[in-house]
Amino acid sequence: MTHLDTGKVQVYTGDGKGKTTAAMGLAFRATGYGLNVLMLQFVKKLHCSEHDAAARFGLPIIQATRATPADCARQIMEMARIALSDGGSAEDEQASPVDVLILDEVGEAMRRGFITREDIERLIALKPQTTELVLTGRGLTPLADLADLVTEMRPVKHYFDEGLLARKGIEY
């Protein structure tokens, strides 16, 4: 089993398209090298084709199961703490250590007030030196000082502005 020598904190943010897609690309690459990857999704409770594709690659994507958005955010944060502090999967305590942990749409959970900067700081403090932590979502630029890499997606031109809605297989 391959493991990282050095884990960093990455942020994909901005108002442009591609934050989750960038994280998925990283996840597929890491999985291809034999790294143990776990993606936890805030806010999203919709089954998308990316979940089916990820399953084919052995990439777990976990969404919350609680009744309210606030409870879902707390559930995902607890899963993240378990994955980082115990060095294992949030679902399977016998799993190998998490090499890459992706918190997808954590920006939206923060915007809604379910997650705070302090919550993220505590997660980073738990992160083993060999675990990569990836945060996605709008509004994460204020976390830039906590990250080693920050990529901001900025819309220059988008067909949505011309009335083309989200397309199956492309946007979802």
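Note: the structure precedes this text.
Residues numbered from 1 in each chain as written. Predicted model: local features only at pLDDT ≥ 70, side-chain atom pairs only at ≥ 80, totals over all residues. Heavy atoms only, no water.

**Comments concerning the overall build of the protein**
Helix and strand content of the protein: five helices and six strands. Shown N-terminal to C-terminal, the secondary structure of the protein runs as helices and strands in the order β-α-β-α-β-α-β-α-α-β-β. Taken over C-alpha atoms, the radius of gyration comes to 15 Å for the protein, in line with the 16 Å a tight globule of 172 residues would show. Referenced to the eigenvectors of the C-alpha coordinate spread, the extents of the protein come out at roughly 50 × 35 × 35 Å. (Helix = DSSP H or I, 4+ residues; strand = E, 2+ residues; numbered from the N terminus. Rg over C-alpha atoms; globule rule 2.2 N^0.38 Å.)

**Comments concerning the nonpolar core**
Ranked by size, the top nonpolar core spans 28 residues in total, and within it Leu 40, Phe 42, Leu 101, Leu 103, Val 106, Ile 115 and Leu 135 carry the most contacts. Counting residues per element, this core draws most heavily on helix H3 (residues 69–85), at eight residues. Those residues in contact with Leu 103 that lie beyond four places of it in its chain are Leu 40, Phe 42, Ala 80, Leu 123, Leu 133, Val 134, Leu 135 and Thr 136. With 16 residues, the next largest nonpolar core counts Tyr 12, Leu 35, Leu 59 and Ile 102 among its residues. (Core = buried A, V, L, I, M, F, W, Y, C linked by side-chain atoms within 4.5 Å. Buried < 20%, exposed > 50% of the residue type's maximum accessible area, 1.4 Å probe, protein only. Contact = heavy atoms within 4.5 Å.)

**Observations concerning the sheet that holds strand E3 (residues 61–63)**
Spatially, six strands are ordered E3-E2-E4-E5-E1-E6 in an open sheet, and the strand pairing comes out parallel. Only two strands of the sheet have a single neighbouring strand rather than two, namely E3 and strand E6 (149–153). Adjacent strand axes in the sheet meet at a mean angle of 15°, parallel and antiparallel pairs treated alike. Of the pairings in the sheet, the one linking strand E1 (residues 9–14) to E6 comprises five bridges and is parallel in character. Bridge pairing in E6 links Val 11 to Val 150. Contacting strand E2 (37–41) and E3, helix H2 (residues 49–57) crosses the sheet at an angle of about 140° to E3. (Pairing = 2+ DSSP bridges. Axes fitted to C-alpha atoms, helices over the stretch in contact; angles between N-to-C directions.)

**Overview of the pattern of salt bridges**
Taken as a whole and assessed by the stated rule, the structure comprises nine salt bridges. The salt bridge involving Glu 78 is made with Arg 81; its shortest N-O contact spans 3.1 Å. Of this pair, Glu 78 and Arg 81 both sit in helix H3, three residues apart, which is roughly one turn of that helix. Its relative accessible area of 39% is what places Glu 78 among the partly exposed residues. One salt bridge connects Arg 122 with Asp 119, and the closest N-O pair in it is separated by 2.6 Å. On the criterion of helical spacing, the pair formed by Arg 122 and Asp 119 is a turn pair, its members being three residues apart in helix H5 (residues 117–126). Here the salt bridges share partners, and the residues they tie into one network are Glu 108, Arg 111 and Arg 112. (Salt bridge = Lys/Arg side-chain N within 4 Å of Asp/Glu carboxyl O.)

**A short note on H3**
If you check H3, its first and last C-alpha atoms are 24 Å apart, about what 17 residues at 1.5 Å a residue would give, namely 24 Å. For H3, the complete set of buried residues consists of Ala 70, Cys 72, Ala 73, Gln 75, Ile 76, Met 77, Met 79, Ala 80, Ala 83 and Leu 84. Elements in contact with the buried residues of H3: E2, E3, strand E4 (100–104) and H5. (Expected span 1.5 Å × (residues − 1).)

**Some thoughts on the packing of helix H1 (residues 19–32) against H2**
Packing of H1 against H2 leaves a shortest axis separation of 11 Å and a crossing angle of 15°. Our classification of the angle between H1 and H2 gives roughly parallel. Considering the relative orientation of H1 and H2, their crossing is left-handed. Of H2, the residues touching H1 (which contributes Thr 20, Met 24, Phe 28 and Thr 31) are Glu 50, Ala 53, Ala 54 and Phe 57. Residues that form the contact of H1 with H2 fall into these classes: five nonpolar, two polar and one charged. (Parallel < 35°, antiparallel > 145°, perpendicular 65-115°, else oblique. Left-handed = near helix turned anticlockwise from the far one by under 90°. Nonpolar A, V, L, I, M, F, W, Y, C, P; charged D, E, K, R; others polar.)

**Some remarks on the packing of aromatic side chains**
Applying the stated criterion across every chain yields a total of one aromatic pair. Pairing Phe 28 with Phe 57 gives two aromatic rings, centres 4.7 Å apart and planes at 45°, and the pair type is tilted. With Phe 28 in helix H1 and Phe 57 in helix H2, this residue pair connects regions lying 29 residues apart in the sequence. Judged by relative accessible area, Phe 28 falls into the partly exposed class, the value being 24%. When the ring centre of Tyr 159 is taken as reference, the NZ or CZ atom of Arg 167 above it lies at 4.5 Å. (Phe/Tyr/Trp six-rings, centres within 6.5 Å; stacked < 30°, edge-to-face > 60°. Lys NZ or Arg CZ within 6 Å of the ring centre and 35° of its normal.)

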